[in-house]
Amino acid sequence: MATTEEIQSGLAEILEEVAGVLPADATPEKSFTEDLDVDSLSMVEIATAVEDKFGVAIPDDELANIRTVGDAASFIEKNQS
Amino acid sequence: MNGSLNLRAGANGARILGFGDYRPRRIVTNEEISRRVDTDDEWIRTRVGISERRFAGADESIVDMSVAAAGKALANSGVLAEDIDTVIVATCTAPAPIPGLAPEVAHRLSIGTPGAYDLNAACAGFCYGLSAAADAIRSGSSRYALVIGAERLTDWTDQDDRGTCIIFGDGAGAAVVAASDTPGIGPVVWGSDGEKSRAISVADRFSYMEMDGRSVYRWATTRLADSARRACELAGVDIGDIDAFVPHQANLRIVDSMVKTLKFKDDIAVARDIVTSGNTSSASIPLALTAMIERGEVKTGDTALLLGFGAGLTYAGQVIICP
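Residues numbered from 1 in each chain as written. Chains lettered and ligands numbered in written order. Predicted model: local features only at pLDDT ≥ 70, side-chain atom pairs only at ≥ 80, totals over all residues.

### Points about helix α6 (residues 213–223) of chain B
Then step 1. Those residues of α6 of chain B that fall on the buried side of the exposure criterion are Val216, Tyr217, Arg218, Trp219, Ala220 and Thr221 of chain B.
Then step 2. Buried residues in α6 of chain B make contact with α2 (40–54) and α3 (60–65) of chain A together with β9 (200–202), β10 (209–211), α8 (252–262) and β13 (303–310) of chain B. (Buried ≥ 20, exposed ≤ 12 C-beta atoms within 10 Å, placed from the backbone. Helix = DSSP H or I, 4+ residues; strand = E, 2+ residues; numbered from the N terminus. Contact = placed C-beta atoms within 7 Å.)

Okay, structure coming up:
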């Protein structure tokens, strides 16, 4: 099980690799599309990377509800096994 | 009767002898589209990787384009029209369900009275057709087959919907397939995922194409790699030795993602025809391959991994040896 800090830093790493977001910018309140300029297909790539890294499954309808970095972190925290 | 019938002697395998294409005359740039809907060149290039596409005119019907592409494939193959005994037209944008287009295509090519039918596996249609032709040849039902992918997607696209109108184009591509002692079309790896049947659809004859791009993107970039690897394995070719990768041209980002995942050799030739053709569904693979052959990027004897995927959802992949 990843800790909250590990989830946050893991997410920041993924965001940097997939969408070129600076780790310092990947704070919980940031919206992927509004603040970080992540488009819908990059969101899919982020979801796939999150699934691989944290061993969670993110169904399409859940993905649509993940709007901020914090949403993603709490989804991982709740669903990791 | 003892309950057993005779079968024909079939061929050892099938091989493609020539490709041909037809690209509609009218080029539609991103700039032209952005005059009609709220979008711009940079947005389209970064989202889907398309710079321009072709729109077919009134005198460029699916049959017209099929005849042109097939005529070029016949000329490139050296096979005479009268030797063709099977014509398969893969299309999902026929103007009407009856009759199928293949008989008229055959007639206009002076092929005579071949077995002729249309096949709808959407964007996977060309690979399904190639497999059907190769199997017909192996079973002895056919000696020389024409496989055509031809589409007028613009007929079924809402040109005011910026989600879809930037993507789709028109065109046709064709291949001549012949019996061969040395197989040049590998075993197909195909399948479908009907749970996602609404992911790309036209609701009825009065409606336009609707697409859940995100769901399709995710499916294509995560579910198809294993099938691509399996197609290489079944054909007996190491994926690291494949000379050309020709996936359906759905979105340049899907192409790039697949290339990253599949770990080909560094100098593999990759089809990126979508940049100037848009997404032409079943026509995209033969359109791309014809251009790659003409530019010398793909040479006689090269191995190419084809991978079609799209509405249905359907997918099919196989390795071929290029003519």
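From this point, things continue past the structure.
### Description of unusual backbone geometry
All names here are of chain B.
Then step 1. With an omega of -5 degrees, the peptide bond running from isoleucine 98 to proline 99 counts as cis.
Then step 2. With respect to the helices, strands and loops of the structure, proline 99 is situated in the loop between β4 (86–90) and α4 (102–108).
Then step 3. The omega torsion across glycine 312 and leucine 313 is -10 degrees, close enough to zero to call that bond cis.
Then step 4. Of note, leucine 313 is situated in the loop between β13 and β14 (314–321).
Then step 5. Backbone geometry at serine 110 places phi at a positive 55 degrees, although glycine is not the residue there.
Then step 6. With respect to the helices and strands, the residue serine 110 is situated in the loop between α4 and β5 (115–119).
Then step 7. Backbone geometry at lysine 263 places phi at a positive 55 degrees, although glycine is not the residue there.

### Let's talk about the packing of helix α1 (residues 4–19) of chain A against helix α4 (residues 69–79) of chain A
All names here are of chain A.
Then step 1. The contact between α1 and α4 brings their axes to 10 Å, and the two run at 130 degrees. Judged by the inter-axis angle, α1 sits oblique to α4. Here α1 runs over α4; the crossing is right-handed. Each of Thr4, Ile7, Gln8 and Leu11 in α1 lies in contact with α4, whose residues at this interface are Val69, Ala72, Ala73, Ile76 and Glu77.
Then step 2. Among the residues forming the contact of α1 with α4, the class breakdown is six nonpolar, two polar and one charged. (Axes fitted to C-alpha atoms, helices over the stretch in contact; angles between N-to-C directions. Parallel < 35°, antiparallel > 145°, perpendicular 65-115°, else oblique. Left-handed = near helix turned anticlockwise from the far one by under 90°. Nonpolar A, V, L, I, M, F, W, Y, C, P; charged D, E, K, R; others polar.)

### Here we look at the sheet that holds β5 of chain B
Residue and element names in this part refer to chain B.
Then step 1. Read across the open sheet, the five strands follow the order β1-β7-β6-β4-β5; overall the sheet is mixed. In this open sheet, the two edge strands, each paired with only one partner strand, are β1 (13–22) and β5. Going from strand to strand, the sheet's axes swing by 15 degrees on average, the running direction of each strand aside.
Then step 2. Relative to strand β6 (residues 144–152), β4 runs parallel, the two sharing five bridges. Bridged to isoleucine 88 within β6 is valine 147.
Then step 3. Taken strand by strand, helix α3 (residues 62–77) contacts β1, β4, β6 and β7 (170–180), and its axis lies near 125 degrees from that of β1. (Pairing = 2+ DSSP bridges.)

### Topic: the interface of chain A and chain B
Then step 1. Facing the six residues of chain A at the interface are eight residues of chain B.
Then step 2. For the side of chain A that touches chain B, the element with the most residues is α2 of chain A, which contributes four residues.
Then step 3. Residues belonging to the side of chain A that touches chain B are distributed by class as follows: two nonpolar, two polar and two charged.

### Side note on the environment of leucine 109 of chain B
Then step 1. On the secondary structure map, leucine 109 of chain B appears in the loop between α4 and β5.
Then step 2. In this structure the C-alpha to C-alpha distance between leucine 109 of chain B and alanine 68 of chain B, which are 41 residues apart in sequence, comes to 9.0 Å.

### Comments concerning helix α2 (residues 41–48) of chain B
Each turn of an α-helix holds 3.6 residues, which means side chains three or four residues apart point in the same direction.
Then step 1. Within α2 of chain B the residues assigned to the buried category are Ile44, Arg47 and Val48 of chain B. For α2 of chain B, the buried positions fall inside an angular range of 75 degrees around the axis, keeping them on one side.
Then step 2. Looking at the buried side of α2 of chain B, the elements it contacts are α2 of chain A together with α1 (30–34) and α8 of chain B.
Then step 3. Positive backbone phi, approximately 80 degrees, marks glycine 49 of chain B, located one or two places after α2 of chain B. (Arc of directions from axis to C-beta.)

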